[in-house]
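Residues per chain, in single letters:
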Amino acid sequence: MTSAGKKFREALKASSPLQIVGTINAYQALQATRVGHKAIYLSGGGIANASYGLPDLGMTMIEDVCIDVRRITSICDTPLIVDADTGWGHAFNVARTVKEFIRSGAAGLHIEDQVAAKRCGHRPNKELVSTEEMCDRIRAAVDAKNQLDPDFYIIARTDAHASEGQAAAIARAKAYVEAGADAIFAEAVHTLKEYKEFTDAMSVPVLANITEFGATPMFTTEELASVGIDMVLYPLSAFRAMNKAALNVYQELKDKGTQEAVLDTMQTRMELYDMLNYHAYEQKMDELFSKGKAK
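These numbers come from a predicted model, not from an experiment. (Residues numbered from 1 in each chain as written. Predicted model: local features only at pLDDT ≥ 70, side-chain atom pairs only at ≥ 80, totals over all residues. Heavy atoms only, no water.)

A.B. asks: Just checking my understanding: could you explain the side chain of Arg 172 for this structure?
C.D. replies: Note that Arg 172 resides in helix 8 (residues 166-178). Engagement of the side chain of Arg 172 in a polar contact is seen with the side chain of Tyr 176, the distance being 2.8 Å. Not counting the four nearest positions on each side in its chain, Arg 172 is found in contact with Asp 113, Leu 128, Val 129, Ser 130, Thr 131, Thr 158, Ala 160 and Glu 164. (Helix = DSSP H or I, 4+ residues; strand = E, 2+ residues; numbered from the N terminus. Polar contact = N/O pair within 3.5 Å; in protein donor to acceptor, adjacent residues only side chain to side chain. Contact = heavy atoms within 4.5 Å.)

A.B. asks: I tried to follow the packing of aromatic side chains on my own but got confused; where do I start?
C.D. replies: Aromatic ring pairs: the centre-centre distance and the angle between the two ring planes describe each pair. A complete count under the given rule lists 4 aromatic pairs for this structure. Ring centres 6.2 Å apart and planes at 75° place the aromatic pair Trp 88 and Phe 101 in the edge-to-face group. Taken together, the residues span a long stretch of sequence, with Trp 88 in the loop between strand 3 (80-83) and helix 5 (91-103) and Phe 101 in helix 5 at a distance of 13 residues. Residue classification places Trp 88 among the buried positions, given a relative accessible area of 12%. Here the aromatic rings of Tyr 273 and Tyr 278 are separated by 4.1 Å at their centres, their planes lie at 10°, and the arrangement is stacked. On the basis of relative accessibility, which here comes to 17%, the residue Tyr 273 falls in the buried class. Classification of Tyr 278 as partly exposed rests on a relative accessible area of 32%. (Phe/Tyr/Trp six-rings, centres within 6.5 Å; stacked < 30°, edge-to-face > 60°. Buried < 20%, exposed > 50% of the residue type's maximum accessible area, 1.4 Å probe, protein only.)

A.B. asks: Explain the domain arrangement of the protein here, please?
C.D. replies: Accessible area lost on assembly of the parts is the figure often given for the size of an interface. Split by domain assignment, the protein resolves into domain 1 (4-238) and domain 2 (243-290). Just the C-alpha atoms count here: the centres of domain 1 and domain 2 sit 32 Å apart. In this complex, domain 1 contributes 5 residues to the contact, which on the side of domain 2 involves 7 residues. For the pairing of domain 1 and domain 2, the buried interface totals around 500 Å² over both sides, and the portion due to carbon and sulfur atoms is 54%. For domain 1, the biggest contributors to the area lost against domain 2 are Tyr 27, Leu 30 and Arg 34; these three give 82% of the whole. At the surface where domain 1 touches domain 2, the tally comes to 1 salt bridge. Where domain 1 meets domain 2, there are 2 residue pairs in polar contact (both at pLDDT 80 or more). Broken down by class, the residue content of the side of domain 1 that touches domain 2 amounts to 3 nonpolar, 1 polar and 1 charged. (Domains from an automatic or database assignment. Buried area = accessible area lost by both parts, 1.4 Å probe. Salt bridge = Lys/Arg side-chain N within 4 Å of Asp/Glu carboxyl O. Nonpolar A, V, L, I, M, F, W, Y, C, P; charged D, E, K, R; others polar.)

A.B. asks: Would you mind showing me how to read helix 3 (residues 44-52) here?
C.D. replies: Because each turn of an α-helix spans 3.6 residues, side chains separated by three or four positions end up pointing in the same direction. Residues Gly 44, Gly 45, Gly 46, Ile 47 and Ala 48 constitute the buried set of helix 3. Looking at the packing, one finds that the buried side of helix 3 touches strand 2 (40-42), helix 4 (62-73) and strand 3. The N-capping residue of helix 3, defined by a side-chain oxygen 3.1 Å from the backbone nitrogen of Gly 45, is Ser 43.

Here is the structure:
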(Lines give C-alpha, C1' and ligand atoms only; values in the text may rest on other atoms or scores of the structure.)
Protein backbone atom coordinates (compact mmCIF):
# COMPACT_ATOMS: atom_id res chain seq x y z
CA MET A 1 0.00 0.00 0.00
CA THR A 2 1.37 3.42 -0.98
CA SER A 3 1.78 5.71 2.01
CA ALA A 4 0.40 9.24 2.08
CA GLY A 5 3.96 10.56 2.13
CA LYS A 6 4.83 8.57 -0.99
CA LYS A 7 1.71 9.89 -2.76
CA PHE A 8 2.76 13.44 -1.97
CA ARG A 9 6.28 12.87 -3.29
CA GLU A 10 4.81 11.45 -6.52
CA ALA A 11 2.52 14.47 -6.89
CA LEU A 12 5.46 16.82 -6.33
CA LYS A 13 7.55 15.02 -8.91
CA ALA A 14 4.73 15.23 -11.47
CA SER A 15 4.03 18.96 -11.07
CA SER A 16 6.01 22.12 -11.68
CA PRO A 17 5.13 23.74 -9.39
CA LEU A 18 2.72 21.70 -7.24
CA GLN A 19 -0.28 23.69 -6.01
CA ILE A 20 -1.20 22.86 -2.41
CA VAL A 21 -4.65 24.19 -1.56
CA GLY A 22 -6.05 24.80 1.90
CA THR A 23 -8.98 22.61 2.94
CA ILE A 24 -10.40 23.60 6.31
CA ASN A 25 -12.50 20.45 6.69
CA ALA A 26 -13.32 17.11 5.09
CA TYR A 27 -15.95 18.55 2.77
CA GLN A 28 -13.52 21.10 1.36
CA ALA A 29 -11.02 18.27 0.83
CA LEU A 30 -13.64 16.52 -1.32
CA GLN A 31 -14.25 19.73 -3.27
CA ALA A 32 -10.56 20.34 -3.94
CA THR A 33 -10.10 16.73 -5.02
CA ARG A 34 -13.13 16.88 -7.33
CA VAL A 35 -11.66 19.94 -9.05
CA GLY A 36 -8.45 17.99 -9.64
CA HIS A 37 -5.96 19.26 -7.07
CA LYS A 38 -3.25 16.74 -6.25
CA ALA A 39 -2.27 18.01 -2.78
CA ILE A 40 -4.21 19.65 0.03
CA TYR A 41 -3.32 21.48 3.22
CA LEU A 42 -4.60 21.98 6.75
CA SER A 43 -3.65 25.33 8.27
CA GLY A 44 -2.94 25.69 11.97
CA GLY A 45 -4.40 29.17 11.86
CA GLY A 46 -7.42 27.76 10.06
CA ILE A 47 -7.95 25.14 12.77
CA ALA A 48 -7.70 27.79 15.47
CA ASN A 49 -10.10 30.10 13.59
CA ALA A 50 -12.65 27.62 12.23
CA SER A 51 -12.69 24.78 14.76
CA TYR A 52 -12.10 26.79 17.94
CA GLY A 53 -12.91 30.43 17.19
CA LEU A 54 -9.43 31.51 18.27
CA PRO A 55 -6.73 33.69 16.67
CA ASP A 56 -3.58 32.10 15.28
CA LEU A 57 -1.41 32.59 18.37
CA GLY A 58 -0.37 29.05 19.26
CA MET A 59 -3.37 28.26 21.47
CA THR A 60 -4.33 24.94 19.87
CA MET A 61 -2.46 21.73 20.60
CA ILE A 62 -1.51 18.55 18.80
CA GLU A 63 -4.73 16.62 19.41
CA ASP A 64 -6.81 19.61 18.30
CA VAL A 65 -5.01 19.35 14.97
CA CYS A 66 -5.10 15.55 14.73
CA ILE A 67 -8.89 15.56 15.13
CA ASP A 68 -9.23 17.58 11.93
CA VAL A 69 -6.48 15.61 10.17
CA ARG A 70 -8.31 12.35 10.83
CA ARG A 71 -11.61 13.80 9.64
CA ILE A 72 -10.03 14.76 6.32
CA THR A 73 -7.90 11.67 5.69
CA SER A 74 -10.73 9.28 6.59
CA ILE A 75 -12.81 10.54 3.65
CA CYS A 76 -10.21 11.77 1.14
CA ASP A 77 -6.96 10.16 -0.01
CA THR A 78 -5.47 13.26 -1.64
CA PRO A 79 -2.15 13.75 0.21
CA LEU A 80 -2.51 16.23 3.08
CA ILE A 81 0.25 18.53 4.34
CA VAL A 82 -0.36 19.79 7.87
CA ASP A 83 0.77 22.90 9.71
CA ALA A 84 2.61 21.73 12.84
CA ASP A 85 3.34 25.25 14.16
CA THR A 86 6.51 24.93 16.29
CA GLY A 87 6.03 21.22 17.03
CA TRP A 88 4.48 21.72 20.48
CA GLY A 89 7.56 21.48 22.63
CA HIS A 90 11.07 20.05 22.78
CA ALA A 91 12.49 17.26 20.64
CA PHE A 92 10.41 14.46 22.18
CA ASN A 93 7.24 16.48 21.60
CA VAL A 94 8.23 17.09 17.98
CA ALA A 95 8.84 13.37 17.50
CA ARG A 96 5.42 12.60 18.97
CA THR A 97 3.83 15.18 16.66
CA VAL A 98 5.32 13.48 13.60
CA LYS A 99 4.21 10.02 14.69
CA GLU A 100 0.68 11.17 15.53
CA PHE A 101 0.39 12.93 12.18
CA ILE A 102 1.52 9.79 10.34
CA ARG A 103 -0.92 7.65 12.31
CA SER A 104 -3.67 10.16 11.50
CA GLY A 105 -3.00 9.80 7.78
CA ALA A 106 -1.09 13.00 6.96
CA ALA A 107 1.44 13.02 4.12
CA GLY A 108 3.76 15.58 5.65
CA LEU A 109 4.06 18.68 7.79
CA HIS A 110 5.83 21.96 8.08
CA ILE A 111 7.45 23.09 11.29
CA GLU A 112 8.64 26.65 11.88
CA ASP A 113 11.49 28.40 13.66
CA GLN A 114 9.41 30.74 15.80
CA VAL A 115 9.30 30.58 19.58
CA ALA A 116 6.45 28.63 21.18
CA ALA A 117 4.37 31.81 21.62
CA LYS A 118 4.18 32.06 17.85
CA ARG A 119 2.43 34.59 15.64
CA CYS A 120 0.94 34.47 12.16
CA GLY A 121 3.80 34.49 9.65
CA HIS A 122 2.54 37.71 8.08
CA ARG A 123 2.27 39.66 11.35
CA PRO A 124 4.97 41.86 12.93
CA ASN A 125 7.08 41.16 16.03
CA LYS A 126 7.78 37.51 15.36
CA GLU A 127 10.50 36.00 17.58
CA LEU A 128 12.68 33.11 16.48
CA VAL A 129 14.50 30.34 18.27
CA SER A 130 18.19 29.82 17.53
CA THR A 131 19.23 28.02 14.38
CA GLU A 132 20.51 25.14 16.50
CA GLU A 133 17.20 24.76 18.35
CA MET A 134 15.33 24.64 15.07
CA CYS A 135 17.79 22.07 13.73
CA ASP A 136 17.07 19.97 16.82
CA ARG A 137 13.36 20.12 15.95
CA ILE A 138 14.09 18.96 12.41
CA ARG A 139 16.43 16.16 13.48
CA ALA A 140 13.80 14.91 15.93
CA ALA A 141 11.14 15.04 13.21
CA VAL A 142 13.29 13.13 10.72
CA ASP A 143 14.22 10.47 13.27
CA ALA A 144 10.56 9.96 14.15
CA LYS A 145 9.33 9.71 10.56
CA ASN A 146 12.03 7.16 9.71
CA GLN A 147 10.55 4.87 12.35
CA LEU A 148 7.08 4.84 10.75
CA ASP A 149 7.21 6.20 7.18
CA PRO A 150 10.49 7.38 5.64
CA ASP A 151 8.46 9.04 2.85
CA PHE A 152 6.61 11.35 5.25
CA TYR A 153 7.52 14.85 4.05
CA ILE A 154 9.24 17.29 6.43
CA ILE A 155 9.14 20.95 5.40
CA ALA A 156 11.18 23.43 7.45
CA ARG A 157 9.62 26.89 7.56
CA THR A 158 11.75 29.91 8.30
CA ASP A 159 10.23 33.21 9.39
CA ALA A 160 13.63 34.90 9.46
CA HIS A 161 13.14 37.04 6.35
CA ALA A 162 11.00 39.56 8.23
CA SER A 163 13.11 39.90 11.37
CA GLU A 164 16.66 38.97 10.40
CA GLY A 165 16.78 39.69 6.67
CA GLN A 166 17.19 37.67 3.49
CA ALA A 167 20.79 36.57 4.00
CA ALA A 168 20.08 35.25 7.49
CA ALA A 169 16.94 33.48 6.29
CA ILE A 170 18.90 31.70 3.57
CA ALA A 171 21.65 30.76 6.02
CA ARG A 172 19.08 29.30 8.39
CA ALA A 173 17.40 27.41 5.55
CA LYS A 174 20.72 25.83 4.53
CA ALA A 175 21.25 24.65 8.10
CA TYR A 176 17.75 23.19 8.17
CA VAL A 177 18.45 21.22 5.00
CA GLU A 178 21.65 19.90 6.56
CA ALA A 179 19.57 18.79 9.56
CA GLY A 180 17.42 16.68 7.23
CA ALA A 181 14.53 18.82 6.00
CA ASP A 182 12.98 17.59 2.74
CA ALA A 183 12.04 21.12 1.66
CA ILE A 184 12.13 24.77 2.71
CA PHE A 185 9.15 27.05 3.32
CA ALA A 186 10.36 30.64 2.93
CA GLU A 187 7.73 32.69 4.74
CA ALA A 188 6.68 36.29 3.98
CA VAL A 189 9.09 36.80 1.07
CA HIS A 190 8.38 39.96 -0.93
CA THR A 191 9.83 39.59 -4.43
CA LEU A 192 10.50 37.05 -7.16
CA LYS A 193 14.17 38.01 -6.98
CA GLU A 194 14.25 36.96 -3.32
CA TYR A 195 12.57 33.65 -4.14
CA LYS A 196 15.18 33.10 -6.84
CA GLU A 197 17.93 33.70 -4.27
CA PHE A 198 16.34 31.01 -2.09
CA THR A 199 15.98 28.44 -4.85
CA ASP A 200 19.50 29.06 -6.13
CA ALA A 201 20.89 28.47 -2.65
CA MET A 202 18.89 25.32 -1.81
CA SER A 203 19.50 21.70 -2.76
CA VAL A 204 15.89 20.79 -1.91
CA PRO A 205 12.47 22.05 -3.14
CA VAL A 206 11.28 25.49 -1.99
CA LEU A 207 7.67 26.37 -1.12
CA ALA A 208 6.09 29.78 -1.69
CA ASN A 209 3.15 30.78 0.50
CA ILE A 210 0.75 32.85 -1.61
CA THR A 211 -1.70 33.80 1.11
CA GLU A 212 -4.05 36.71 0.59
CA PHE A 213 -3.71 40.09 2.31
CA GLY A 214 -0.21 39.33 3.56
CA ALA A 215 3.37 40.36 2.86
CA THR A 216 3.78 38.34 -0.36
CA PRO A 217 2.23 39.55 -3.65
CA MET A 218 -0.20 37.33 -5.60
CA PHE A 219 2.45 35.80 -7.84
CA THR A 220 1.17 33.32 -10.44
CA THR A 221 2.36 29.74 -10.71
CA GLU A 222 4.05 30.68 -13.99
CA GLU A 223 5.98 33.51 -12.33
CA LEU A 224 6.99 31.31 -9.42
CA ALA A 225 8.05 28.47 -11.69
CA SER A 226 10.30 30.92 -13.55
CA VAL A 227 12.34 31.44 -10.35
CA GLY A 228 12.51 27.76 -9.43
CA ILE A 229 9.70 27.43 -6.90
CA ASP A 230 8.53 23.80 -6.57
CA MET A 231 5.43 24.17 -4.37
CA VAL A 232 2.84 26.94 -4.10
CA LEU A 233 0.65 27.06 -1.00
CA TYR A 234 -2.79 28.71 -0.77
CA PRO A 235 -3.56 28.07 2.91
CA LEU A 236 -6.92 29.75 3.50
CA SER A 237 -8.23 31.03 0.15
CA ALA A 238 -11.44 28.98 0.10
CA PHE A 239 -11.97 29.50 3.84
CA ARG A 240 -11.89 33.27 3.40
CA ALA A 241 -14.41 33.03 0.58
CA MET A 242 -16.69 30.82 2.70
CA ASN A 243 -16.54 33.27 5.57
CA LYS A 244 -17.44 36.25 3.40
CA ALA A 245 -20.32 34.40 1.75
CA ALA A 246 -21.72 33.16 5.06
CA LEU A 247 -21.59 36.60 6.65
CA ASN A 248 -23.45 38.01 3.67
CA VAL A 249 -26.24 35.42 4.10
CA TYR A 250 -26.53 36.07 7.85
CA GLN A 251 -26.75 39.81 7.21
CA GLU A 252 -29.37 39.35 4.49
CA LEU A 253 -31.52 37.23 6.81
CA LYS A 254 -31.22 39.80 9.59
CA ASP A 255 -31.98 42.78 7.35
CA LYS A 256 -34.67 41.36 5.07
CA GLY A 257 -36.11 38.32 6.83
CA THR A 258 -35.54 36.11 3.78
CA GLN A 259 -32.61 34.55 1.95
CA GLU A 260 -34.24 34.77 -1.48
CA ALA A 261 -31.91 37.49 -2.79
CA VAL A 262 -28.78 35.46 -2.03
CA LEU A 263 -29.88 32.06 -3.30
CA ASP A 264 -27.61 32.46 -6.32
CA THR A 265 -24.59 32.51 -3.98
CA MET A 266 -25.53 29.14 -2.47
CA GLN A 267 -24.72 25.60 -3.46
CA THR A 268 -27.90 23.73 -4.37
CA ARG A 269 -29.11 20.64 -2.55
CA MET A 270 -28.36 18.48 -5.59
CA GLU A 271 -24.83 19.91 -5.91
CA LEU A 272 -24.23 18.99 -2.28
CA TYR A 273 -25.59 15.48 -2.80
CA ASP A 274 -23.41 15.04 -5.88
CA MET A 275 -20.26 16.04 -3.98
CA LEU A 276 -21.06 13.62 -1.16
CA ASN A 277 -22.10 10.78 -3.49
CA TYR A 278 -25.30 10.85 -1.46
CA HIS A 279 -27.42 8.69 -3.74
CA ALA A 280 -24.92 5.83 -3.69
CA TYR A 281 -25.10 5.81 0.12
CA GLU A 282 -28.90 5.90 -0.03
CA GLN A 283 -28.98 3.06 -2.56
CA LYS A 284 -26.70 0.96 -0.35
CA MET A 285 -28.90 1.64 2.66
CA ASP A 286 -32.01 0.56 0.75
CA GLU A 287 -30.22 -2.58 -0.44
CA LEU A 288 -29.15 -3.55 3.06
CA PHE A 289 -32.56 -2.87 4.56
CA SER A 290 -34.34 -4.82 1.83
CA LYS A 291 -32.11 -7.83 2.49
CA GLY A 292 -32.97 -7.64 6.15
CA LYS A 293 -36.70 -7.61 5.38
CA ALA A 294 -36.35 -10.58 3.01
CA LYS A 295 -35.11 -12.74 5.84
